[in-house]
Amino acid sequence: MPQIESIKSKPALVFRKPDAKDGSEIWKLIQRCKPLDENSMYCNLLQCDHFRDTCVMVERDGQLLGWISGYIAPSDPQSFFVWQVAVAPEARGLGLGKRMLRHLIDRDEAADCTRLQTTITQSNAASWGLFRSFARSIGGELTDEAHFHEDDHFDGHAATEHMVTITFPQEARAAA
């Protein structure tokens, strides 16, 4: 069931799981959110279909404003991995990124997760800001270390990605 939230007398924001018909709209949103990596439309379709329980989209009046793709790592079922966060330019400043992250970790599907992980390049100030703010807001501990290296993994074509881990406080998971 979608979560509906109203802000300052504007039409309500609807937080919901995607379905296959949402793939092309999500692909279009990501294209508008530079410098995000653009996946194929087919990849976004698969995320909406196969990973819908660990993804969230936010709409207002039917307009897509935000998207997070993620999954629970098969090799580590206590880790919720965030693949991508996209917020439409016209919706920035509403705190949607942090609210979508909270929405995801509060879902029943994430009940056994004890940490959230993502990868971020050193130069991505917006992502660092979002995940640091999120960690503070839940009382979590944020750590990072270089994970996918520029030369070893990207043949020098992309910057090193740091694995960011936010460990959830135990009392927060017990209350959820």
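Residues numbered from 1 in each chain as written. Predicted model: local features only at pLDDT ≥ 70, side-chain atom pairs only at ≥ 80, totals over all residues. Heavy atoms only, no water.

If you check an unreviewed UniProt entry, the protein chain appears there as L-2,4-diaminobutyric acid acetyltransferase from Thioclava arctica. Its UniProt record gives the protein chain the following Sequence similarities (unreviewed entry) comment, quoted word for word: "Belongs to the acetyltransferase family. EctA subfamily." Per UniProt, the comment on the protein chain under Pathway (unreviewed entry) is "Amine and polyamine biosynthesis; ectoine biosynthesis; L-ectoine from L-aspartate 4-semialdehyde: step 2/3." (UniProt positions renumbered as here; feature names shortened; annotations may be inferred.)

Chemist: What is the right way to read helix 3 (residues 96-105) from this model?
Modeler: Residues lying three or four places apart along an α-helix face the same way, a consequence of the helix completing one turn every 3.6 residues. Burial runs high along helix 3: 7 of the 10 residues are buried. Within the span of helix 3, buried status applies to L96, G97, M100, L101, H103, L104 and I105. (Buried < 20%, exposed > 50% of the residue type's maximum accessible area, 1.4 Å probe, protein only. Helix = DSSP H or I, 4+ residues; strand = E, 2+ residues; numbered from the N terminus.)

Chemist: Where do I start with the layout of surface pockets in this structure?
Modeler: In this structure, the largest pocket occupies an estimated 970 Å³ of space. Lining the largest pocket are 34 residues, and of these L36, Q84, V85, N124 and S127 lie nearest its centre. For the lining of the largest pocket, the secondary structure elements donating two or more residues are strand 5 (79-87), helix 3, strand 6 (115-121) and helix 4 (125-138). At 7 residues, the largest contribution of residues to the lining of the largest pocket is made by strand 5. When its residues are assigned to classes, the lining of the largest pocket shows 18 nonpolar, 11 polar and 5 charged. (1 Å grid on protein atoms, 1.4 Å probe; cavity = no way out; pocket = protein on both sides within 12 Å on 5 of 7 lines; lining within 4 Å. Points joined across faces, edges and corners; volume = space filled by probe spheres on them. Nonpolar A, V, L, I, M, F, W, Y, C, P; charged D, E, K, R; others polar.)

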